[in-house]
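Coordinates in review
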Amino acid sequence: MKKLKPFILLAVVVLLSACSTVQVSSDYDQSANFNEYKTFAFFKPGIDKAEISDLDKKRILRAIEDNMLAKGFVKSDNPAMLVSIFTTAQQRVDVYNNFGWGWGAWGPWGPFGGGFGNTVSRTTEGTLYIDLIDATKKELVWQGQGTGYLARDVERKQERINEIVGEIMQEYPPKKMASN
């Protein structure tokens, strides 16, 4: 069993790190002057269309607001930029074939050392889109997208949403603009 501990520990670390990663991308209007945007507000009609619970919407909006404020934006009743969200989710089902390994009473594949069969793992993978809209022109100027596994327990949800939103918002402003 002592020889298996490093392998079990490695498997747990790999599994946890795979669950915590967020794949992000962004796109933007190259003609937009992102230096002009200093104020923001949430675009309620767009947010209302997101097909998630009101509690998760609140969590997402809280995380976006924190990120926008940290970037120097000011929340305003007369904003230069509107923020909207869109979400998708899909179930991911992984089937692992177990083909007997370990040490049992009869040897490496004895009656207590592994076996055969399948292990099924179900996870929910979600994608969050954050849209930044020019309030005057009513045109999308930036969109960030993040895909990752969602937390199931309530205590971890806000932490996971903060992580996903934070990763997406690292893409704003566009790299082209960040160097100007």
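Of regular secondary structure, the protein possesses 5 helices and 6 strands. Listing each helix as α and each strand as β along the protein from the N terminus yields α-β-β-α-α-β-β-β-β-α-α. Here the protein, with 180 residues, has 35% of them falling under the buried criterion. For the protein, the share of sequence-separated contacts (at least 6 apart) that also reach a separation of at least 24 residues comes to 70%. Working note: accessible area of the protein is about 11700 Å², and carbon and sulfur atoms make up 57% of it.

Before going further, it helps to spend a moment on the packing of helix α3 (residues 54-70) against helix α4 (residues 154-169). At their nearest, the axes of α3 and α4 sit 9 Å apart, and the two run at 45° to each other. Accordingly, the angle class assigned to the pair α3 and α4 is oblique. Crossing handedness for the pair α3 and α4: right-handed. The segment α3 lies against α4, with D56, R59, I60, R62, A63, I64, N67 and M68 engaging V154, K157, Q158, I161, N162, V165, G166 and M169. Each residue belonging to the contact of α3 with α4 can be placed in one class, and the counts come to 8 nonpolar, 4 polar and 4 charged.

The next thing to look at is the environment of R122. Inspection of the secondary structure puts R122 in strand β5 (residues 116-134). Filtering out sequence-adjacent residues up to four positions away, R122 remains in contact with Q91, R92, V93 and R152.

A few words now on the packing of aromatic side chains. Inspection of every chain in the model, using the stated rule, returns 8 aromatic pairs. Aromatic pair F73 and Y172: ring centres 6.0 Å apart, planes at 45°, arrangement tilted. Here Y172 lies in the loop between α4 and α5 (175-178) and F73 lies in the loop between α3 and β3 (74-75), a separation of 99 residues in the sequence. By relative accessible area, which is 3% here, Y172 ends up buried. Ring centres of F86 and Y129 lie 5.6 Å apart, and the angle between their planes is 50°; on these two criteria the pair is classed as tilted. You can see F86 sitting in strand β4 (residues 81-99) and its partner Y129 sitting in strand β5, a full 43 residues away along the chain.

Analysis parameters
Here, residues in each chain are numbered from 1, in the same order as that chain's written sequence. Local features in this predicted model are restricted to residues whose pLDDT is 70 or higher, and side-chain atom pairs enter the listing and the counts only when it is 80 or higher, whereas totals over whole chains, interfaces and linings include all residues. Values shown for side chains rest on all heavy atoms present in the structure; no hydrogens or waters enter the calculation. Strands here mean DSSP runs of E at least two residues long; helices mean DSSP runs of H or I at least four residues long; both are numbered from the N terminus. Exposure classes here rest on a 1.4 Å probe applied to the protein chains alone. A residue is buried below 20% of its type maximum, exposed above 50%, and partly exposed in between. Throughout, a residue-residue contact means that at least one pair of heavy atoms, one from each residue, lies within 4.5 Å. Throughout, the Shrake-Rupley method with a 1.4 Å probe supplies accessible areas, and for residues the shown protein chains are the sole cover considered. A fitted line through C-alpha atoms serves as each axis, taken over the contacting stretch for helices, and the angle formed by two N-to-C directions is quoted from 0 to 180°. For classification purposes, angles smaller than 35 degrees are called roughly parallel, those larger than 145 roughly antiparallel, those between 65 and 115 roughly perpendicular, and all remaining angles oblique. By definition, turning the near helix anticlockwise from the far helix through less than a right angle yields a left-handed crossing, and turning it clockwise yields a right-handed one. Residues are sorted three ways: Asp, Glu, Lys and Arg are charged, Ala, Val, Leu, Ile, Met, Phe, Trp, Tyr, Cys and Pro are nonpolar, and all the rest, Gly among them, are polar. By convention, a stacked pair of Phe, Tyr or Trp rings (six-membered ring in the case of Trp) has centres within 6.5 Å and planes under 30 degrees apart, an edge-to-face pair has planes over 60 apart, and any other such pair is tilted.

Read these as geometric descriptors, not functional statements.
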